[in-house]
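Chain by chain, the residues:
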Amino acid sequence: MATTQESAPAPSATKVTLDERPVSLMQKRWRKFKSLKRGWYSFVILCSALLLSFFNPVLINNRALVVSYQGELHFPVFENPIEAVDLGQRAVGEPDYRELKAQYAEANEGDFVWMPLYPYGPYEHLLKDEALPGPPPHAPTPEHWMGTDDRARDVFARLIYGFRVSLLFGLSVVAVAFTVGTAVGAMLGYFGGTFDILAQRLIEIWMGLPFLYTIIIITSLLQPNIIMFVLLLAAFRWMGLTYYVRGEVYREKAKDYVAAAVAQGESHLSILFRHILPNSLTPIITFAPFRLVAYISVLVSLDYLGFGLPAPTPSWGELVKQGLNNIQEYHLVFFPLGAMFVTLLMVVFIGEAIREAFDPKVFSRLR
């Protein structure tokens, strides 16, 4: 009697959903960062504000976007200054486009002027504005949202332009200082020995140079600009990062994957920058937002002391100095300090989120 053997059921094909697919460590960190709402929203707001600041000339400016006169179009924002007589005004130099807009509207001859959303510039003196009686500074009005400073310049326009200057300055210093500090620290940790000892002594000597006195001497001899300040500040702020990177490289170079790379005959630069350094970026990425706060504060402090960017560059430090000199004018105190507080607070929130996302204990298997 033949016995029938029941065949075992075929295993069902497992479907791998998107959430079950293996993800890299950086993807896990990115998801963790996005889950920290305070830091993520601050990151989105700051990036959006910085991107929007590149369109300041067409959003906040006293120069017209489009001028149509006798059938001919002019674009003052993008062109060289246009003489007032070329646009039908009896004046010398470039016209007042707000006044020109009112004249064209009154004449009603088909000519027109399109102004930016906020028709006041950061360098424009408003002493002739009849809506601002008395000497400057002037309190906020519906036309001037944050009032004017002691030179009758619009505070809101200077504050928005100063935001871009401050943030780009801080990001530039972070990029330069962290590049130099990471490269030097990586070489110290990788080569070690006598090179490490001698280089550390030279770094300690360089760290002993007085930063403020050096800035005072250089600004008294040369005309300062933002590129010079980026290079000067980066030259005095790259040393601290070298010790963190050096320690990380010392730890990483003792691991087996480095020995395997050496056995394969790879060069020192390849081992250092392709294998060790990508695994040593945690302190670099974690410290970057907090260093950004420090660098923006340094620029504000230098502008406040009078050793910063040359006038009339829009600067938060210069507005803070005006607030101190005109302490009774609340708008010169509240708005600049409020802008600094909100910006630096969001950067700190981003730094906290990055630090938590890159915490090795979060994804450790030994918890």
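Bear in mind that the values here come from a model prediction, so they are computed numbers and not experimental data. (Residues numbered from 1 in each chain as written. Predicted model: local features only at pLDDT ≥ 70, side-chain atom pairs only at ≥ 80, totals over all residues. Heavy atoms only, no water.)

### Some points on the overall build of the protein
The helix and strand tally for the protein stands at 14 helices and three strands. The C-alpha radius of gyration of the protein comes to 29 Å, more than 25% above the 21 Å expected for a compact globule of 367 residues. Across its three principal axes, the protein shows a C-alpha extent of roughly 110 × 75 × 40 Å. In the protein, buried positions account for 41% of the 367 residues. Here the analysis covers contacts within the protein between residues at least 6 apart in sequence; of these, 67% occur between residues at least 24 apart. Entry remark: accessible area of the protein is about 21,400 Å², with carbon and sulfur atoms responsible for 64%. (Helix = DSSP H or I, 4+ residues; strand = E, 2+ residues; numbered from the N terminus. Rg over C-alpha atoms; globule rule 2.2 N^0.38 Å. Buried < 20%, exposed > 50% of the residue type's maximum accessible area, 1.4 Å probe, protein only. Contact = heavy atoms within 4.5 Å. Areas by Shrake-Rupley, 256 points an atom, 1.4 Å probe, with all protein chains shown as cover.)

### Considering the packing of helix α7 (residues 211-221) against helix α8 (residues 226-237)
The geometry of α7 relative to α8 is characterised by a closest axis approach of 11 Å and an angle of 155° between their N-to-C directions. Here α7 lies roughly antiparallel to α8, going by the angle between them. Relative to α8, the crossing made by α7 is right-handed. Contact residues: α7 offers F211, T214, I215, I218 and T219, while α8 offers M228, F229, L232, L233, F236 and R237. Split into classes, the residues belonging to the contact of α7 with α8 amount to eight nonpolar, two polar and one charged. (Axes fitted to C-alpha atoms, helices over the stretch in contact; angles between N-to-C directions. Parallel < 35°, antiparallel > 145°, perpendicular 65-115°, else oblique. Left-handed = near helix turned anticlockwise from the far one by under 90°. Nonpolar A, V, L, I, M, F, W, Y, C, P; charged D, E, K, R; others polar.)

### With respect to the packing of aromatic side chains
Scanning the model with the defined rule gives 18 aromatic pairs in all. Consider the rings of Y69 and Y104, whose centres lie 6.0 Å apart with planes at 10°: the pair is stacked. Residue Y69 is found in strand β1 (residues 66-69), and its partner Y104 is found in helix α4 (residues 97-107); the two are separated by 35 residues along the sequence. For the pair Y118 and W145, a centre-to-centre distance of 4.7 Å together with 65° between the ring planes defines the contact as edge-to-face. Highlighted residues: Y118 in the loop between β3 (112-114) and α5 (155-191) and W145 in the loop between β3 and α5, separated in sequence by 27 residues. (Phe/Tyr/Trp six-rings, centres within 6.5 Å; stacked < 30°, edge-to-face > 60°.)

### Regarding the pattern of salt bridges
Throughout the structure, instances matching the rule amount to 14 salt bridges. The partner of R151 in a salt bridge is E318, and the shortest N-O contact between them spans 3.6 Å. A residue pair is termed long-range when its members are at least 10 positions apart, and R151 in the loop between β3 and α5 and E318 in helix α13 (residues 316-325) qualify at 167 residues. Residue R151 is classed as partly exposed on the basis of its relative accessible area of 42%. Residue classification places E318 among the buried positions, given a relative accessible area of 18%. K255 serves as the salt-bridge partner of E252, at 3.2 Å between the closest nitrogen and oxygen. Among the residues examined, E252 registers a relative accessible area of 4% and is labelled buried. We classify K255 as partly exposed; its relative accessible area is 35%. It is possible to trace a salt-bridge network through shared partners that takes in D149, D150, R151, R153, R158 and E318. (Salt bridge = Lys/Arg side-chain N within 4 Å of Asp/Glu carboxyl O.)

### Notes on the sheet that holds β1
As summarised here, the arrangement of the three strands in space is β2-β1-β3, forming an open sheet in which the pairing is antiparallel. Only two strands of the sheet have a single partner each, and these edge strands are β2 (72-74) and β3. Strand-to-strand twist across the sheet, computed as the mean angle between neighbouring axes with direction ignored, equals 15°. By the bridge criterion, three bridges tie β1 to β2 in an arrangement that is antiparallel. What sits directly across from V67, in β2, is H74. (Pairing = 2+ DSSP bridges.)

### Remarks on the environment of V320
Here V320 is to be found in helix α13. Taking the C-alpha atoms as reference points, V320 and F273, 47 residues apart in sequence, are found 43 Å from one another.

### A word on the side chain of E318
A polar contact is formed between the side chain of E318 and the side chain of R158, at a distance of 3.5 Å. At 2.5 Å, the side chain of E318 and the side chain of Q322 are in polar contact. Ignoring any residue separated from it by four or fewer positions in sequence, one finds E318 in contact with R151, R153, R158 and D303. (Polar contact = N/O pair within 3.5 Å; in protein donor to acceptor, adjacent residues only side chain to side chain.)

### Things to note about unusual backbone geometry
A negative phi holds for most residues other than glycine; trans holds for most peptide bonds. A cis amide bond links P136 with the next residue in sequence, P137, at an omega value of 0°. With respect to the helices, strands and loops of the structure, P137 is situated in the loop between β3 and α5. Positive phi is not limited to glycine here, since Q70 has a value of about 55°. With respect to the helices and strands, the residue Q70 is situated in the loop between β1 and β2. Its identity is not glycine, yet A152 carries a phi of approximately 65°, on the positive side. Relative to the assigned elements, A152 resides in the loop between β3 and α5. With relative accessibility at 0%, the residue A152 sits in the buried group.

### Things to note about a nonpolar patch on the surface
On the surface, a cluster of nonpolar side chains totalling about 400 Å² of accessible area is made up of V176, V180, I226, I227 and L231. For the nonpolar patch, the element with the highest residue contribution is α8, accounting for three residues. Mapped onto the elements, V180 comes out in helix α5. V180 sits in the partly exposed class, given a relative accessible area of 34%. (Patch = residues over 30% accessible without salt bridge, like charges linked within 9 Å, V, L, I, M, F, W, Y side chains within 5 Å.)

Limitation: the analysis is restricted to geometry and does not speak to function.
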